[in-house]
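# A look at the structure
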Amino acid sequence: MFSRLNLLRSTRHYVVRARCVTSSFKSLSTFVKTSAAKAKKPKLLHRQVIAPHVSYKRNSRYTEGNVYHGFRCERVEHVSEFDLTSYTLRHEGTGTEFWHIDRNDANNVFSINFRTTPFDSTGLSHILEHLSLCGSKKYPVRDPFFKMINRSVATFMNAMTGPDYTIYPFSTMNEIDFRNLQRIYLDAVFRPNLTYLDFLQEGWRLENKDIHDQSSQLVIKGVVYNEMKGVFSENAEAFSQKLLNNLFPGHTYGHVSGGNPLDIPKLNHTDLIEFHKKYYHPSNSRIYSYGTFDPTKTLELLDKEYLSEECWIDISYSRIPQQKRWTQPRNVHISGRLDNMGAVIDRQNQIAIALLMCDATNIQENFELHVLSEVLLRGPNSAFYKSLIEPNFSGGYNQSTGYSSGTKDTTFAVGLQDVRVEDFSKFIDIFAKTVSNAMKEGLDSQHVESVLHNRELSLKHQSPHFGNTLLFNSTALWNHEGDVVSNLRVSDMISRLRESLSEDNRHFQNKIEKYFINNTHRLILTMSPDELYEDNFKKAELELLEHKVKDFNKEKLQKIFENGLTLDAFQKAKSNIEILPCLTMSDVREPPKWPKLFIQNIHNIKTQICTVSTNDITYLKCLFNISDLNDEEIQLLPLFCNVVSAMGTAKYNYREFDKLVLSKTGGIDLELNLIEDVKDAASYKLSVMMTTHALDKNVPEMFCLCQELFQNFKFDNFVHLKMLIENYISNTSVGVVNSGHLYAMLGATALVSNAGKLKSQLSGVDHIAFMKNYVQLSKIPEIAHKLTLIGPKVFNKSNMQGSINSSKYFLPSALDCYKTFVETFPTFEKTKIRNNINFTEPSCQHYSMNIPVNFCAKSFFTVPYLHKDHPILRILAKLVTAKYLLPVVREQNGAYGSGATISSSGIFSFYSYRDPHSTKTLEVFEKTYDWLRSEKNLIDQQSLFEAKLGVLQQLDSPIAPGNIGIDYFLYEISPAYSEKYRSQILSITIDDLQDTIEKYFKSPAKHYGKCILGPVHSNLDLETSEKWKIIN
Ligand SMILES: [Zn+2]
């Protein structure tokens, strides 16, 4: 979901630092929407390159051979498919490479990348990433990174640690902002303070449990320490980490770059400083910029401030050698956490076969192997889907499945989740048979074509974050000194592949033989749940602690106690943030301009039309407002949305239908929405939104496929349906721990009103429990029958609205197809759509899980979006996050993240993320009003303005052409109202804030809910003086 309003519900900016253990970026800031209702498909497209289209001609900015501020221009190339010019420059003094992409795109990007190759699992590179952003020579401010989040209109700000690199990227559409952030980032990485106290805060420390009581027990604390405990409590993360470590045991990839919790306490402060000197040397850095802002200013700043004084050093120490190939395959078995929300215990195993493929710098080979992997894995026409998934002895592909080019040697993995130990050998046999058959018999050429079509379509599909995507897709290759410029010529690579395929019909078969059959560098990794997993970890943690403490004398204990107090005082001290740059009101006064929307009534269907430059693609959305479903049918809607397009239709079986969809469109997706009335919050409606897009030349087929699905869907293949349902259930419980705060907020909102409760039943933890139970009690034919009855009540002309985004030139043709499409659509009797919202009495619930960290939330009802107080509450949420929750819950109490947010329906929520505490955090939430009163002086003009910038980051964020107008489509919020809302935000005063604080925070809310998702708590009632419902 891309709606700006949805951003209200999510929490885009609470955790800005992400790390990534595997090659795919799992930045938390990208979790715009994660819900169980939209079960995740395995990510097969690690290196998807997305193309935009803006035509412009521009003379070359730099000439090859010339020197600009100490940088010699080495290479200039125009890449027509993305309409960009690439400039590669190298600093003559230090050898630092500067890569600039000149492109007519307002969302400019800047990043500094380092090749970091740790040789232990202490989390050295990850902790350094945190510490670099804790204050530098020019900006000696505590945590300037978090402070800048409120002083900028960045569209993206992050820092990430990969297995062999650390990168510091940001993007913004405002040039002043760009220069501000650039100065902070550069100073942070080249001249960080790296103080001991920051090391204690961010890395690890021994501290008295109660810092004011020297006799209290010593414990291990630290932001990264807790972060990594949280990361590995998600089995999928632990599995992919072990896969990487065991497939590349020899060099840096054999270690956990993020840090293994039990190894982190081996790291000391001086190692970190040494590591910085060696790996953050300018010669070992790569600098990227993208967009329209003048790169010459960047070159000048770099040379003058950071590079001219430094010399060139030989960086071969950080180069990663190719993994030495094994002569024999290997097997490794590991234990995982028992997931009490997952499948029955004897099915909670995972298995994967992983293979080392080619050198990442061989770009054509790499590209072809990526395509081949997709052909083998993706959708019901692929070989592995047919042989591994359809026999239905597992919960489907696991998260490690796919091709990855994030390491020096690329990898392929295929794995299953929720599989029995007895079936491990079956999996291994099937793997061998599948690749051997594919090699002998070859691949279905139509299927290969549909995968290639999808590639080409994705080149045309415009992303508002193209510059970031390009950076992420190039980072690993660049890090290995590969040819990142040629790697952008995707069309050329596709043509070369097509040529090879037509010249040699065994082209792919030969690759299968080489990489899949005769490849002895093969790892079989298996994982089984261990009921004692958490206990064992706790035991090991205690042993580590005892080992550390056993020789401590009185002085040492005294020192630890004092350190605790010093750090506490340091965290509470006022920071001199005035020295950080900040935008001013005049920089942001003008709202961004969006294309106009038009509404037409076409065959009695309200249709929203937007003409926008779409790069030869037409986007279609159909929204079905649902009525007339009984409770059971409503509960089945998420499943319906997930499986209906995968079942085939009257005319095509599911394989044929999938092939057509993949070869003509970008996919047909259905999504369930529960939308509360943004005017009075008195009612809500349920709707199913179908989204699809196609190249203009394929638009007639796109409409035919939608029509076929809506009118001729079927659920009569029970074997296939059974498999889809079981995979769906397995996928719902994956990722709960990664997005625990969203689930905790859903759980808290469920206690506020009936609409909130329904939302949790349709997409929260409650949905997982419901589905597991439902499937146990019902037979597949019964479920199929019920899904069949739901169909006509959803795909119904009388409840439908349409939306088309297309180019001015193609729109008339698109509309002609649309008219024919809706004409034939069946109509049924229209009944009530709106359901009343009833608020409930306050209550609390605790989802007890086998994890070592908590996610806490408190939600209460205020006023919905159109109410005049909503913008003020939204500002307050930003302010409370920046000035109260982050300093207290994150910095002082050690949670990884915390914040406040308000939804368009008026639910105000507090949350914490990967939190070592639970009731203590809830108390912090409770004390918000006291804090707002006692720290009245903190709410000054500057902090108010910073909060406004925080909201503008969301309101003005760039939006893909296919999604323009989505707020009006879903929530009926007109562009004019959005503009009014924006100007209300800008005009809020301190008095407005004070009035609103009194009105909504002084006395306890009438309707609120609290939720803790985390390890078992036995005495919650006693600790909180409230009644808790415990859900196991
Ligand atoms: Zn981190």
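If you're wondering where the values come from, they're calculated on a predicted model, not measured in any experiment.

Calculation notes
- Residues numbered from 1 in each chain as written.
- Predicted model: local features only at pLDDT ≥ 70, side-chain atom pairs only at ≥ 80, totals over all residues.
- Heavy atoms only, no water.
- Donors = N, O, S within 2.8 Å, 3.2 Å for Na, K, Ca; no water.
- Tetrahedral: all angles 85-135°; square planar, octahedral: opposite > 155°, others 65-115°.
- Pairing = 2+ DSSP bridges.
- Helix = DSSP H or I, 4+ residues; strand = E, 2+ residues; numbered from the N terminus.
- Axes fitted to C-alpha atoms, helices over the stretch in contact; angles between N-to-C directions.
- Contact = heavy atoms within 4.5 Å.
- Buried < 20%, exposed > 50% of the residue type's maximum accessible area, 1.4 Å probe, protein only.
- Phe/Tyr/Trp six-rings, centres within 6.5 Å; stacked < 30°, edge-to-face > 60°.
- Lys NZ or Arg CZ within 6 Å of the ring centre and 35° of its normal.
- pLDDT = per-residue confidence, 0-100.
- Salt bridge = Lys/Arg side-chain N within 4 Å of Asp/Glu carboxyl O.
- Parallel < 35°, antiparallel > 145°, perpendicular 65-115°, else oblique.
- Nonpolar A, V, L, I, M, F, W, Y, C, P; charged D, E, K, R; others polar.
- Arc of directions from axis to C-beta.

### Quick look at the coordination of the zinc ion
Surrounding the zinc ion are the protein donor atoms His126 (NE2), His130 (NE2), Glu227 (OE) and Glu227 (OE), which sit 2.1 to 2.7 Å from the metal. Coordination at the zinc ion comes from four donor atoms whose angles at the metal span 53 to 153°, giving a geometry best classed as irregular.

### Topic: the sheet that holds strand β15 (residues 402-404)
Taken together, five strands build an open sheet; the order of strands is β13-β17-β14-β16-β15 and the sheet is mixed. The two strands at the open ends of the sheet, each matched to only one other strand, are β13 (330-337) and β15. Sheet twist, expressed as the mean angle between neighbouring strand axes with direction ignored, is 25°. Along the sheet, helix α17 (residues 533-549) makes contact with β13 and β17 (522-530), crossing β13 at roughly 90°.

### Some details on the environment of Leu758
As for its position among the elements, Leu758 is in helix α25 (residues 754-763). A relative accessible area of 10% means that Leu758 is categorised as buried. The spatial distance from the C-alpha of Leu758 to the C-alpha of Lys596 is 35 Å, given a sequence separation of 162 residues. Not counting chain neighbours up to four residues away, the residues in contact with Leu758 comprise Ile634, Leu674, Tyr684 and Leu686.

### Some thoughts on the packing of aromatic side chains
Two aromatic rings, taken as a pair, are described by how far apart their centres are and by the angle between their planes. Under the counting rule described, the total for this entry stands at 54 aromatic pairs. Three or more aromatic residues joined by ring pairs make a cluster, and in this case those are Phe624, Phe640, Phe703, Phe710, Phe713, Phe715, Phe795, Tyr818, Phe821 and Phe825. The ring of Phe570 carries the charged tip of Arg142 above its face, separated from the ring centre by 5.6 Å.

### Points about the confidence of the model for the protein
Considering every residue of the protein, the mean pLDDT works out to 90; 94% of them sit at 70 or more. Note on residues 1-57: pLDDT under 50 across the span, and 234 contacts to partners over four residues away in sequence or across chains.

### Some words on the pattern of salt bridges
When charged atoms on two side chains of opposite charge get close, those side chains can pair. In total, this model carries 55 salt bridges according to the counting rule given. Among the ionic pairs, Asp102 bridges to Arg61, the shortest N-O distance being 3.2 Å. Taken as a pair, Asp102 in strand β5 (residues 97-102) and Arg61 in the loop between β1 (17-19) and β2 (67-68) lie far apart in primary sequence, 41 residues in all. Judged by its relative accessible area of 1%, Asp102 is buried. Through salt bridges with shared partners, one network takes in Arg75, Glu77, Asp483 and Arg489.

### Quick word on the packing of helix α20 (residues 631-643) against helix α27 (residues 780-794)
Look at α20 against α27: their axes get within 10 Å of each other, and the N-to-C directions meet at 85°. With respect to their mutual orientation, α20 and α27 come out roughly perpendicular. Between α20, through Glu632, Glu633, Leu636, Leu637, Leu639, Phe640 and Val643, and α27, the contact on the second element is made entirely by Ile783, Lys786, Leu787, Leu789, Ile790, Gly791, Lys793 and Val794. Per-class residue counts for the contact of α20 with α27 are ten nonpolar, one polar and four charged.

### Structural notes on helix α8 (residues 269-279)
For α8, every residue scored as buried is listed here: His269, Leu272, Phe275, His276 and Tyr279. For α8, the buried positions fall inside an angular range of 120° around the axis, keeping them on one side. Those residues of α8 that are exposed and aimed more than 90 degrees away from the buried face are Thr270 and Lys277. For α8, the secondary structure elements touched by its buried residues are β6 (108-115), α2 (124-132), α4 (175-190) and α5 (196-202).

### Observations concerning the pairing of β5
Burial within β5 is extensive, with six of its six residues counted as buried. Of the two faces of β5, the one lined by Glu97, Trp99 and Ile101 and the one lined by Phe98, His100 and Asp102 are each fully buried. Pairing geometry for strand β4 (residues 84-91) and β5, over six bridges, is antiparallel. By the bridge assignment, Thr85 is partnered in β5 with Asp102. Counting the residues that bridge the hairpin from β4 to β5 gives five residues, and of these Gly95 lies at a positive phi of roughly 85°. Where β5 lies against strand β12 (residues 285-291), six bridges are found, and the strand directions are parallel. Residue pairing in the sheet places Asp102 in a bridge with Gly291 of β12.

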